[in-house]
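# Structural description and commentary
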Amino acid sequence: MTDITNSAPWRRLETLARGLATRRTIDLFGAEPGRAMAFSLEAAGLYLDYSKNRVSLEALATLFDLARAAGLPAAIERMFAGAKINATENRAALHAALRDFSGRQYIVDGENVAPSIDAAREKMKSFAGRYERGELKGFSGAPIDTVVNIGIGGSDLGPLMAVEALRPYWLRGRRCFFVSNVDGQHLADTLATLDPARTLFIVASKTFTTQETMTNAHSARDWFLANGGAVKDVARHFVALSTNAKAVADFGIAPENVFGFWDWVGGRYSMWSAIGLSIALQCGWSTFEALLRGANEMDQHFRSAPVEKNMPAILALIGVWNRNFAGAAAQAILPYDQHLHRLPAFLQQLDMESNGKSVTATGEKIACATGPVIFGEPGTNGQHAFYQLIHQGTDIIACDFIAAAKPASPLSDHHEKLLANFLAQTEALMLGKSESQARAELAAEGKGPADIDRLAPHKVFPGDRPTNSILFERLTPGALGALIALYEHKVFCQGVIWGINSFDQWGVELGKALAMKILPELSAPGGARPASADHDGSTRRLIEKINALRAT
Ligand code: F6P
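### Overview of the sheet that holds strand β9 (residues 258-260)
Taken in spatial order, the five strands of this open sheet run β6-β5-β7-β8-β9, and their pairing is parallel. Single-partner strands in this sheet number two, and they are β6 (175-179) and β9. The mean angle between the axes of side-by-side strands here comes to 20°, regardless of whether they run parallel or antiparallel. Pairing of strand β8 (residues 238-242) with β9, which is carried by three bridges, proceeds in the parallel orientation. Bridged to Leu 241 within β9 is Phe 259. Running at roughly 140° to β9, helix α6 (residues 114-132) makes contact with β5 (146-150), β6, β7 (199-204), β8 and β9 of the sheet.

### Re the site of the ligand
Near the ligand, the surroundings consist of 14 residues, among which Gly 154, Ser 155, Ser 205, Thr 207 and Thr 210 are the closest. For the ligand, an oxygen atom lies 2.6 Å from a polar atom in the side chain of Ser 205. One of the side-chain nitrogen or oxygen atoms of Lys 512 is found 3.2 Å away from an oxygen atom of the ligand. A total of 400 Å² of accessible area belongs to the ligand in isolation, and the protein chains cover 88% of it. In this structure the site holding the ligand corresponds to the largest pocket. Residue classes in the shell around the ligand are distributed as two nonpolar, nine polar and three charged.

### Overview of the sheet that holds strand β10 (residues 328-335)
The six strands lie next to each other as β1-β2-β13-β12-β10-β11, forming an open sheet whose pairing is mixed. Two strands in the sheet have a free side with no partner beyond their single neighbour: β1 (40-43) and β11 (373-376). Taking the axes of each pair of neighbouring strands and ignoring which way they run, one obtains an average angle of 20° across the sheet. Its contacts with the sheet put helix α15 (residues 343-355) on β10, β11 and β12 (396-404), and the angle it makes with β11 is roughly 175°. The strands touched by helix α17 (residues 414-431) within the sheet are β12 and β13 (467-472), with β12 carrying the most contacts at an inclination of about 155°.

### Some words on unusual backbone geometry
Note the cis peptide between Gly 379 and Thr 380, where omega equals 10°. Mapped onto the secondary structure, Thr 380 falls in the loop between β11 and α16 (387-392). With a phi close to 50°, Asp 109 is a non-glycine residue in the positive phi region. Its place among the elements puts Asp 109 in the loop between β3 (107-108) and β4 (111-112). Notably, Phe 208 is not glycine yet its phi reads approximately 60°, a positive angle. Mapped onto the secondary structure, Phe 208 falls in the loop between β7 and α9 (211-226). Overall, Phe 208 belongs to the buried group, its relative accessible area being 4%.

### Some remarks on the packing of α15 against helix α20 (residues 477-498)
Contact pair α15 / α20: the axes reach a minimum separation of 10 Å and the direction vectors enclose 20°. Considered as vectors, α15 and α20 are oriented roughly parallel to each other. Crossing handedness for the pair α15 and α20: right-handed. When α15 is examined against α20, the residues Leu 343, Phe 346, Leu 347, Leu 350, Asp 351, Ser 354 and Asn 355 are found in contact with a partner set consisting of Leu 483, Ile 484, Tyr 487, Glu 488, Lys 490, Val 491, Gln 494, Gly 495 and Trp 498. Of the residues that constitute the contact of α15 with α20, the class distribution is nine nonpolar, four polar and three charged.

### A few points about the pattern of salt bridges
Here the structure, examined in full by the defined rule, presents 32 salt bridges. In this structure, Arg 454 engages Asp 451 in a salt bridge whose closest nitrogen and oxygen atoms are separated by 3.1 Å. Within this pair, Arg 454 and its partner Asp 451 are both found in helix α19 (residues 449-455), separated by three residues, close to a single helical turn. Classification of Arg 454 as exposed rests on a relative accessible area of 51%. For Asp 451, a relative accessible area of 29% translates into the label partly exposed. Several salt bridges share partner residues, and in doing so they unite Arg 24, Arg 54 and Asp 464 into one network.

### Overview of the packing of aromatic side chains
The final tally for this structure, using the stated rule, is 22 aromatic pairs. Ring centres of Phe 375 and Phe 386 lie 5.2 Å apart, and the angle between their planes is 70°; this geometry places the pair in the edge-to-face category. Residue Phe 375 is located in strand β11, and its partner Phe 386 is located in the loop between β11 and α16; the two are separated by eleven residues in the primary sequence. Residue classification places Phe 375 among the partly exposed positions, given a relative accessible area of 22%. Put simply, the rings of Phe 139, Phe 201, Phe 208, Trp 223, Phe 224, Phe 238 and Phe 251 touch in pairs and so form one group of aromatic residues. Sitting over the ring of Tyr 131, Arg 174 keeps its end group 4.9 Å from the ring centre. Geometry around Phe 251 places Arg 221 over its ring, the cationic atom sitting 4.4 Å from the centre.

About the criteria used
- Residues numbered from 1 in each chain as written.
- Predicted model: local features only at pLDDT ≥ 70, side-chain atom pairs only at ≥ 80, totals over all residues.
- Heavy atoms only, no water.
- Pairing = 2+ DSSP bridges.
- Helix = DSSP H or I, 4+ residues; strand = E, 2+ residues; numbered from the N terminus.
- Axes fitted to C-alpha atoms, helices over the stretch in contact; angles between N-to-C directions.
- Contact = heavy atoms within 4.5 Å.
- Near = heavy atom within 4 Å.
- Polar contact = N/O pair within 3.5 Å; in protein donor to acceptor, adjacent residues only side chain to side chain.
- Areas by Shrake-Rupley, 256 points an atom, 1.4 Å probe, with all protein chains shown as cover.
- 1 Å grid on protein atoms, 1.4 Å probe; cavity = no way out; pocket = protein on both sides within 12 Å on 5 of 7 lines; lining within 4 Å.
- Sits in = over half its atoms within 2 Å of the grid points.
- Nonpolar A, V, L, I, M, F, W, Y, C, P; charged D, E, K, R; others polar.
- Buried < 20%, exposed > 50% of the residue type's maximum accessible area, 1.4 Å probe, protein only.
- Parallel < 35°, antiparallel > 145°, perpendicular 65-115°, else oblique.
- Left-handed = near helix turned anticlockwise from the far one by under 90°.
- Salt bridge = Lys/Arg side-chain N within 4 Å of Asp/Glu carboxyl O.
- Phe/Tyr/Trp six-rings, centres within 6.5 Å; stacked < 30°, edge-to-face > 60°.
- Lys NZ or Arg CZ within 6 Å of the ring centre and 35° of its normal.

Here is the structure:
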């Protein structure tokens, strides 16, 4: 694979970055009239303003050249055409097909998979309809009204994020819980609030081998059987979402209770598949379909728009600029929307599991920084926690601010205050505050010269902290779908530019394998085995310490 850092656009960007490092972002507004207009665009109901990044028109044009040098337009086409772009697992990445209602063909291994997607959607729709109408009855004959999704990673974060985001669309009288952690407390705390006769457990696992999910699923079934359910009732109370039909059957879930999907749906891209069943149950099918359609609108834009007018590509290129040319080590996701409180966690997996890699898709070492650290919290909470570092710390943190213009629940002037904070933060991060401004303010407060000298350095804000602003009218299912698809495609575009396969995740395997090895040293029947001499000294000592603490 050719090294993108040797390309002419990359070298040009390095030169441009050196020049821009000494310029103020605000001055670019003067030097480039109409910048706010030129550095913004609309797509699929979303508005993106990226003008508050320290990037010039010339640098932007060069970023577009970089995208072309990396072969982005052809890569987009290959993804939608079902090419096996996940080469290490020999799989396509066709999650976009799951939200296409146009009747278009999607070919995998020479076969059109669109009919099987339709059939899978119909099965989910029918099940969701029965749940909504109260037709799913538990072992006592009472209607099932509570869902527990047992899954982790992509089989948890997407549905959980979406169910929380779509709170105003919840069906009345329905409850939905998510259990992911192998820490038994997560399941125990959830079960404590449940009536087994009215509860449906969804075991969500693409592979149906994930330690956490299988442990939680077995414990949930034990709890169900110990609390009034009989073995024959398991069929009414447990369904599976998986690609591994055999493992599901071995668990004891009948084929009619399995909602399948395909190996070309990556875990962190799977909320559009059967993995989204909990969303369809808690919010109703029409809401789930609107979510899919919103994502599809972004897909259509992404597939058809030229790179200069392509929102996911632009978001990706601005991210590449900040990461590789402007020194940003991290990317904060800052939704000014309480219902999006799990969005940062969802995007953490999406981005870091996709692009947290050091070798190219063909195995060569990558010569530049790749995926940034992703973190975030909803505004305004984050303002009172970590924004200090974003404003005045020694690292550059790129920020995405996200907000709806209209609130879900109008309540006095809450939303205006929320939006005022959103705007104020993006302005403050760009403008900063100079030492002379800080001194003038202190003087206006009546401080004497000694106090001004002492306090002024603490009141200086360097500014030029890069931010994007993403706006939409209201957090509808369609807007949420478009927002998630925007980030999915952004991550894909960055992977293409860095030369990464964004659809595998080998980096999670080593820890999993070692945990399997350590487990018997902690919990062997008849007492733990001694710690293996194979471990490093620290791990061996920690195992011994844990066993000693557990023995008392
Ligand atoms: O450990 C990482 C991972 O493989 C993720 O990529 C995936 O989303 C998660 O585990 C859960 O996997 P599964 O759906 O197969 O249980």
